[in-house]
Amino acid sequence: MSSSDLNTLKQRLREFAEARDWDQFHSPKNLSMALSAEVAEIVEHFQWLTEEQSKNLPKDKLEEVETELADTLIYLIRLADKLDINLITAAQRKIEVNERKYPVEKAKGSAKKYTEYV
């Protein structure tokens, strides 16, 4: 997703909420709670599956996960918008931090947290 795509989506979501007078409900607190609930709905689809099953969802289940991912993205964009956070910039900064925390020579093929490196 390009920065312009994200901005277009953010604007569309703003207009959608404004037209319905939902901004009064879209506080950072409420949006973060809704985001958390949507993430939990994603998790529900994978709970109790094997690793292999989770990689090969049936079409109907994949469509349900797609819907939950979309809900999650929508709430994430709304939350970032309310807090005036540029998600693209924030993600790029976080990747740079992770590159320092997890240098290839220490992290490659390892699931250890950076604090566990010897």
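Structure's up top.
Here the structure is a predicted model, which is why all the values come from computation and not from measurement.

### Regarding the pattern of salt bridges
So, step 1. The final tally for this structure, using the stated rule, is five salt bridges.
So, step 2. Across the pair D81 and R14 runs a salt bridge whose closest N-O atoms are separated by 2.7 Å. Of this pair, D81 sits in helix α4 (residues 59-82) while R14 is found in helix α1 (residues 3-19), placing the two residues 67 residues apart along the sequence.
So, step 3. For D81, a relative accessible area of 13% corresponds to the buried category.
So, step 4. The partly exposed category is assigned to R14, whose relative accessible area is 29%.
So, step 5. The partner of R78 in a salt bridge is D23, with the nearest N and O atoms 2.6 Å apart. Taken together, the positions of R78 in helix α4 and D23 in the loop between α1 and α2 (28-46) put the pair 55 residues apart, joining distant regions of the chain.
So, step 6. According to the relative accessible area criterion, D23 is partly exposed, its value standing at 28%.
So, step 7. A single network of salt bridges, built from pairs that share partners, joins R14, D23, R78, D81 and K82.

### Description of the packing of α1 against α4
So, step 1. For the pair α1 and α4, the least separation of the axes is 10 Å and the interaxial angle reads 85°. The orientation of α1 relative to α4 falls into the category roughly perpendicular. Here L6, L9, K10, L13, R14 and A17 of α1 come into contact with α4, specifically with L73, I74, I77, R78 and D81.
So, step 2. Partitioned by chemical class, the residues of the contact of α1 with α4 number seven nonpolar, no polar and four charged.

Rules used throughout
Residues numbered from 1 in each chain as written. Predicted model: local features only at pLDDT ≥ 70, side-chain atom pairs only at ≥ 80, totals over all residues. Heavy atoms only, no water. Salt bridge = Lys/Arg side-chain N within 4 Å of Asp/Glu carboxyl O. Helix = DSSP H or I, 4+ residues; strand = E, 2+ residues; numbered from the N terminus. Buried < 20%, exposed > 50% of the residue type's maximum accessible area, 1.4 Å probe, protein only. Axes fitted to C-alpha atoms, helices over the stretch in contact; angles between N-to-C directions. Parallel < 35°, antiparallel > 145°, perpendicular 65-115°, else oblique. Contact = heavy atoms within 4.5 Å. Nonpolar A, V, L, I, M, F, W, Y, C, P; charged D, E, K, R; others polar.

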